[in-house]
Amino acid sequence: MAIHCAKTAGALSLERLKQPILVEYKTSASDLVTAVDKEVEKHVIQAIIKEFPDHGILGEESMFEGNPADYETLWIIDPIDGTTNFVHQQINFSVSIAVYHKGEGLVGVVYDPSRDELFYAVKGQGAYLNDRRLGLTKQVKLEEALLCTSVFWNKRAEQIGIDQIVKRLAGKVRGMRLLGSAALEISYVAAGRLDGYVSMSLNAWDFGAARIIVEEAGGVATKMNGEPLPFDQKSSVMACNPAFYEELRQFLNLEGK
Ligand code: IPD
Ligand code: CA
Ligand code: CA
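On a predicted model such as this, the values are computed, not experimentally measured, just so you know.

**Remarks on the overall build of the chain**
- In terms of helices and strands, the chain carries nine helices and 14 strands.
- Overall size of the chain, expressed as C-alpha extent along the three principal axes, is 50 × 40 × 35 Å.
- Residue burial in the chain is summarised as follows: out of 257 residues, 51% are buried.
- In the chain, the proportion of contacts linking residues at least 24 apart, taken out of those at least 6 apart, comes to 60%.
- Surface accessibility of the chain: about 12,000 Å² in total, with carbon and sulfur atoms responsible for 49%.

This is the structure:
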């Protein structure tokens, strides 16, 4: 069901790209939302409540009428993760859908419609990219890692000095990338295309599905200070190959002190 929803939602956003897109500013010129984000979220919500009327939904565009906190089983959805890419590049965006029961992640699906790539995982049953089972078995050293981060681009990052920490980290690892869709970036860690992802602040719908995928692939996903990730709140996020998780966590937490 989650896979079906993600695929039809992805197909709908691709279809809408054939026409001019109405773009609105949310909080600033770099925080965008389109009519398609809202339409896709509505479409996903309708499909879920038709099948599971007693489930709750936490979606970025807040199109669900109930209070997500009232439900034991909660779907966490981002209809378009990477709206800026959707508007500018028309690729590198994704649909993110997760199912949590009493706070435990059961299913995570991240779908990239422009490449027809489906990343998904069911708790305890492994992670997949289309038909391929994912497993982070390669021993990667931090020095050889390709990391991805978006932490250093805002004022708050400067205030707490994380921009400097990330700058020093960039000098230590093989390379840094920033793709613009957290759900895809964390899924790429699961697939071994990136070795790690770090963000100072993501919303629950940005990482809710992808963290299940990376964990099922054998990776580690926590807050930047090593604490467990929440399932329904904003959080910092680090997700990476287990081989250098501890070294990266220490680097992020000690470098600034
Ligand atoms: C954004 C993307 C981006 C991340 C931002 C998110 P949106 O989501 O995931 O990679 O750096 O923090 O807000 O707004 O495009 O759904
Ligand atoms: Ca998002
Ligand atoms: Ca979004």
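**Concerning the coordination of the calcium ion (ligand 3)**
- Around the calcium ion (ligand 3), the protein supplies E60 (OE), D78 (OD), D78 (OD) and I80 (O) as donor atoms, at distances of 2.2 to 3.1 Å.
- A separation of 3.7 Å is found between the calcium ion (ligand 3) and the calcium ion (ligand 2), both of which receive a donor from D78. Note that E60 is positioned in the loop between strand 3 (56–59) and strand 4 (73–81) and D78 in strand 4, a separation of 18 residues in sequence.

**Digging into the site of ligand 1**
- Neighbouring residues of ligand 1: 13 residues in total, closest E60, D81, G82, T83 and A182.
- Contact between ligand 1 and D78: an oxygen atom at 3.2 Å from a side-chain N or O atom of the residue.
- A distance of 2.7 Å is found between an oxygen atom of ligand 1 and a side-chain nitrogen or oxygen belonging to D81.
- Its free accessible area being 380 Å², ligand 1 has 75% of it covered by the protein chains.
- Those elements that provide at least two residues to the shell around ligand 1 are strand 4 and helix 6 (182–190).
- When residues in the shell around ligand 1 are grouped by element, the largest group, three residues, is from strand 4.
- The residue inventory of the shell around ligand 1, partitioned by class, reads three nonpolar, five polar and five charged.

**Details of the pattern of salt bridges**
- Per the counting criterion, the structure on display carries 14 salt bridges.
- Counted as one network, the salt bridges with shared partners bring together K26, E60 and E61.

**Quick word on the coordination of the calcium ion (ligand 2)**
- Every protein donor of the calcium ion (ligand 2) is accounted for by D78 (OD), D81 (OD) and D206 (OD), and the metal-donor separations fall at 2.1 to 2.3 Å.
- Going along the chain, you hit the donors of the calcium ion (ligand 2) in the pattern D-x2-D-x124-D.

**Remarks on the domain arrangement of the chain**
- Split by domain assignment, the chain resolves into domain 1 (2–134) and domain 2 (142–254).
- Measuring from the centre of the C-alpha atoms in domain 1 to the corresponding centre in domain 2 gives 21 Å.
- Between domain 1 and domain 2, a total of about 2,300 Å² is buried, with carbon and sulfur atoms accounting for 63% of that surface.
- Between domain 1 and domain 2 we count one salt bridge in total.
- Residue E117 is joined to R193 by a salt bridge in which the shortest nitrogen-to-oxygen separation is 2.8 Å.
- Connecting domain 1 to domain 2 are 12 residue pairs in polar contact (both at pLDDT 80 or more).
- Contributions of two or more residues to the side of domain 1 that touches domain 2 are made by strand 3, strand 4, strand 5 (94–101), strand 6 (104–112), strand 7 (117–122) and strand 8 (127–129).

**Overview of the side chain of N85**
- Tracing the backbone shows N85 in helix 3 (residues 83–88).
- Looking at N85, the relative accessible area reads 9%, which means it is buried.
- Looking at N85, its side chain comes within polar contact range of the main-chain oxygen of N92, at 2.8 Å.
- Setting aside residues no more than four positions away along its own chain, N85 makes contact with Q90, I91, N92, L179, G180 and S181.

**Describing the sheet that holds strand 3**
- With mixed pairing, the seven strands of this open sheet are ordered in space as 3-4-5-6-7-8-9. Each edge of the open sheet is held by one strand with a lone partner, namely strand 3 and strand 9 (132–134). Neighbour-to-neighbour, the strand axes of the sheet open up by a mean angle of 20°, direction not taken into account.
- One ladder, built from seven bridges, connects strand 4 with strand 5; its direction is antiparallel. Its bridge partner being in strand 5, D81 is matched across the sheet by S94.
- In this fold helix 1 (residues 2–16) packs onto strand 4, strand 5, strand 6 and strand 7, with an angle of close to 30° to the strand it touches most, strand 6.
- Packed on one face of the sheet, helix 2 (residues 35–51) meets strand 3, strand 4 and strand 5 and runs near 155° to strand 4.

Rules of the game
- Residues numbered from 1 in each chain as written.
- Chains lettered and ligands numbered in written order.
- Predicted model: local features only at pLDDT ≥ 70, side-chain atom pairs only at ≥ 80, totals over all residues.
- Heavy atoms only, no water.
- Helix = DSSP H or I, 4+ residues; strand = E, 2+ residues; numbered from the N terminus.
- Buried < 20%, exposed > 50% of the residue type's maximum accessible area, 1.4 Å probe, protein only.
- Contact = heavy atoms within 4.5 Å.
- Areas by Shrake-Rupley, 256 points an atom, 1.4 Å probe, with all protein chains shown as cover.
- Donors = N, O, S within 2.8 Å, 3.2 Å for Na, K, Ca; no water.
- Near = heavy atom within 4 Å.
- Polar contact = N/O pair within 3.5 Å; in protein donor to acceptor, adjacent residues only side chain to side chain.
- Nonpolar A, V, L, I, M, F, W, Y, C, P; charged D, E, K, R; others polar.
- Salt bridge = Lys/Arg side-chain N within 4 Å of Asp/Glu carboxyl O.
- Domains from an automatic or database assignment.
- Buried area = accessible area lost by both parts, 1.4 Å probe.
- Pairing = 2+ DSSP bridges.
- Axes fitted to C-alpha atoms, helices over the stretch in contact; angles between N-to-C directions.

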